[in-house]
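Reading the structure
Chain residues, written in single-letter form:
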Amino acid sequence: MVAENIQPVATVTGLYRGKFDGLEPLTINTPLTRDEVRRNPIFYELDLHPEQADENLIIDVIYDNLSPMRLQDLYRGTDIPRGIRFWPDWFDIPPYEEMHDIDGRRVYPRAPGIHTVQIWTGRRKFAQMGRVRDFSPANGGYTSPVFEIRIAESPDVRE
């Protein structure tokens, strides 16, 4: 294998919440209010590999150890302008009160407390459209670290 094929096509550099004055890093120390969870998406920033500028991306999000949520494919030159190295995209927290994770345990995606987010990225192969997505390293795949976010118990969140 050539070393270039092993480089991730995109890595995730952080999670953010939208504020009136821009994006703010989202951590367990900057909790989302229940109203923000209901109304606003969570933004994530992609660091796009500079030498793979023409690659299209596939992205899945794993929230609280649930099954991966398939996000919209991103097309270079259309969804991601050419020449842009960093790109924010977004996802919503699942709108259900109760779900089951991949091990069958009950989880409460919008409940107050600490939640986890992990993001997979990879190169989009046209031959695999609508099929199983390939996030392997040979396909420029990447698995983000596990990010922790917090949903506040009450709307009186002080920063």
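Coordinates for the structure precede this section.
Quantities reported herein were computed from a predicted structural model and do not represent experimental measurements.

Below, the discussion takes up the overall build of the chain. Along the chain, the regular secondary structure elements total 2 helices and 11 strands. From first element to last, N terminus to C terminus, the chain shows the α and β order α-β-β-α-β-β-β-β-β-β-β-β-β. For the chain, the proportion of its 159 residues judged to be buried stands at 40%. Expressed as a percentage of contacts within the chain between residues at least 6 apart in sequence, the contacts between residues at least 24 apart total 69%.

With that out of the way, let us pick up the sheet that holds strand 3 (residues 42-48). Where strands meet in a sheet, backbone hydrogen bonds hold them as pairs that are either parallel or antiparallel. Read from one edge to the other, the open sheet built from 4 strands follows the order 2-1-3-6, with strand pairing classed as antiparallel. Single-partner strands in this sheet number two, and they are strand 2 (22-25) and strand 6 (86-91). Neighbouring strand axes in the sheet, compared pairwise and without regard to direction, differ in orientation by 45° on average. In terms of strand pairing, strand 1 (residues 10-19) meets strand 2 through 4 bridges, oriented antiparallel. In the strand pairing of strand 2, Gly 18 is matched with Leu 23.

Tallied over the entire structure, the rule returns 12 salt bridges. One salt bridge connects Asp 103 with Arg 105, and the closest N-O pair in it is separated by 3.3 Å. Where salt bridges share partners, they join Asp 60, Asp 73, Arg 124 and Arg 133 into one cluster.

Calculation rules
Residues numbered from 1 in each chain as written. Predicted model: local features only at pLDDT ≥ 70, side-chain atom pairs only at ≥ 80, totals over all residues. Heavy atoms only, no water. Helix = DSSP H or I, 4+ residues; strand = E, 2+ residues; numbered from the N terminus. Buried < 20%, exposed > 50% of the residue type's maximum accessible area, 1.4 Å probe, protein only. Contact = heavy atoms within 4.5 Å. Pairing = 2+ DSSP bridges. Axes fitted to C-alpha atoms, helices over the stretch in contact; angles between N-to-C directions. Salt bridge = Lys/Arg side-chain N within 4 Å of Asp/Glu carboxyl O.

None of the figures reported here should be taken as evidence of function without further support.
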